[in-house]
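# Fold and contact review
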Amino acid sequence: MKNKLLEIIVCPRCKGSLFYDKKQEKLICESEGLIYPIKDGIPILLESEAEIKE
């Protein structure tokens, strides 16, 4: 993920910042407890595709 992109994308649910987990290649919203996948370098920011953080 490019840092420039991480500066502008937000959680679609709460509009908060996303943390990039480089190891798992996922975007995490700490406030909502959601984990968004990144497929082929493209962040999938759909609530229906998000996992719930345990």
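Residues numbered from 1 in each chain as written. Predicted model: local features only at pLDDT ≥ 70, side-chain atom pairs only at ≥ 80, totals over all residues. Heavy atoms only, no water.

### Description of the pairing of strand S3 (residues 34–39)
The side chains of a regular strand alternate, first on one face of the sheet and then on the other. Counting buried positions along S3 gives five out of six residues, so the element sits mostly inside the fold. The pairing of strand S2 (residues 26–29) with S3 spans four bridges and is antiparallel. Bridging across to S3, Leu 27 finds its partner in Tyr 36. Between S2 and the antiparallel strand that follows it, S3, lie four residues; Gly 33 among them carries a positive phi value of about 70°. Both S3 and strand S5 (residues 51–52) contribute to a ladder of two bridges, which runs antiparallel. What sits directly across from Ile 35, in S5, is Glu 51. Where S3 lies against strand S4 (residues 42–43), two bridges are found, and the strand directions are antiparallel. The residue bridging Lys 39 from the neighbouring strand is Ile 42, located in S4. What sits between the antiparallel neighbours S3 and S4 is a turn of two residues, in which Asp 40 has the positive phi angle 55°. (Buried < 20%, exposed > 50% of the residue type's maximum accessible area, 1.4 Å probe, protein only. Helix = DSSP H or I, 4+ residues; strand = E, 2+ residues; numbered from the N terminus. Pairing = 2+ DSSP bridges.)

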